[in-house]
Amino acid sequence: MSSVGQLALLFIGAALINNILLTRFIGLCPFFGVSSNMETSIGMSLSVIFVMVMASTATWVAWEFILAPLGVGEFLYIPAFILIIASLVQFVEMYLRKASPVLYRAMGIYLPLITTNCAVLATATEAAKPGFFKMNIALGASLGLGEALVYTLGVSVGFGFALITFAALRERLELAPVSRLMKGTPIAFITAGLLSLAYVGMSGWFGL
């Protein structure tokens, strides 16, 4: 059982120091695709948090009680994990279509693309499959369910925080006196690079 301090470090490391978007550069499609609008960014962040946490729980259970005991995990985990993620995304899509049609239309193609979002699949795999966990915290060969949930929550919160921060900056940049040649995508890429440098600068904090 990990101590509260280890779990706190696990969460901070996953959310900030090893941010999946700005230090590992995984899942950049929605990062640039939906970050031009704050409301859409918040909706995407909440959707990713829900899908990531549920997917990691389901894939951890699937690995521990089905794939690994049957000896088929090494070559079936990718299609099995994608099937689990796709089912959860379909649930989120149906809910948003009914509860918030405006947000559903605003997110467009990026909502179903959560199914193949490499950030969700990478996090689920790291949380469930032994040998994939890369953070420098001695928690053993694989994560327990509690540790997997804390790690996944950290990754998803870090994803949402980076996305919302980027969306806020992009909205401000629309009003800033930026050269016409730099408006839009060029200044967005430059801003993302500067944000990434800030996150990379945290490398080594708390020994992570």
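Structure first, text after, so check above.
Residues numbered from 1 in each chain as written. Predicted model: local features only at pLDDT ≥ 70, side-chain atom pairs only at ≥ 80, totals over all residues. Heavy atoms only, no water.

Enquirer: Whenever I open this one, the overall build of the protein chain confuses me. Can you help?
Expert: When helices and strands are tallied, the protein chain shows eight helices and zero strands. Along its sequence from the N terminus, the protein chain presents helices and strands in the succession α-α-α-α-α-α-α-α. Looking at the protein chain as a whole, 43% of its 208 residues are labelled buried. Across the protein chain, every contact between residues at least 6 apart in sequence was considered, and the portion connecting residues at least 24 apart equals 76%. Accessible area of the protein chain: about 10,400 Å², with a carbon and sulfur share of 71%. (Helix = DSSP H or I, 4+ residues; strand = E, 2+ residues; numbered from the N terminus. Buried < 20%, exposed > 50% of the residue type's maximum accessible area, 1.4 Å probe, protein only. Contact = heavy atoms within 4.5 Å. Areas by Shrake-Rupley, 256 points an atom, 1.4 Å probe, with all protein chains shown as cover.)

Enquirer: Just checking my understanding: could you explain a nonpolar patch on the surface for this structure?
Expert: Taken together, the side chains of F50, M54, F91 and M94 present a nonpolar region at the surface, about 380 Å² in accessible area. When residues of the nonpolar patch are traced back to their parent elements, those giving at least two are α3 (38-70) and α4 (73-99). Along the chain, F50 falls in helix α3. On the accessibility criterion, F50 (32% relative accessible area) is partly exposed. (Patch = residues over 30% accessible without salt bridge, like charges linked within 9 Å, V, L, I, M, F, W, Y side chains within 5 Å. Salt bridge = Lys/Arg side-chain N within 4 Å of Asp/Glu carboxyl O.)

Enquirer: I would appreciate a short explanation of α3 in the present structure.
Expert: Helical geometry: 3.6 residues make up each α-helical turn, so side chains three or four residues apart lie on a common side. Under the 1.5 Å per step criterion, the end-to-end length of α3 is 45 Å for 33 residues, consistent within 8% with the ideal 48 Å. By the largest-angle criterion, W63 marks the main kink of α3, which is about 45 degrees. N-capping of α3 is provided by N37, with a side-chain oxygen placed 3.0 Å from the backbone N of E39. Phi turns positive, to about 75 degrees, at G71, one or two residues after α3. (Expected span 1.5 Å × (residues − 1). Bend = angle between axes of the 7 residues up to and from the residue. Polar contact = N/O pair within 3.5 Å; in protein donor to acceptor, adjacent residues only side chain to side chain.)

Enquirer: Whenever I open this one, unusual backbone geometry confuses me. Can you help?
Expert: Most of the time, phi is negative for any residue but glycine, and the peptide bond is trans. Here the phi dihedral of F25 falls at roughly 55 degrees; this positive angle occurs in a residue that is not glycine. When you line up the elements, F25 lands in the loop between α1 (4-17) and α2 (28-33). In this structure F25 comes out as partly exposed when scored by relative accessible area, which is 48%.

Enquirer: In this structure, what is going on with the side chain of S47? I would like to understand it.
Expert: Following the sequence through the fold, S47 ends up in helix α3. Every residue in contact with S47, bar those within four places of it in the chain, is listed here: V92, L96, M107, L111 and I114.

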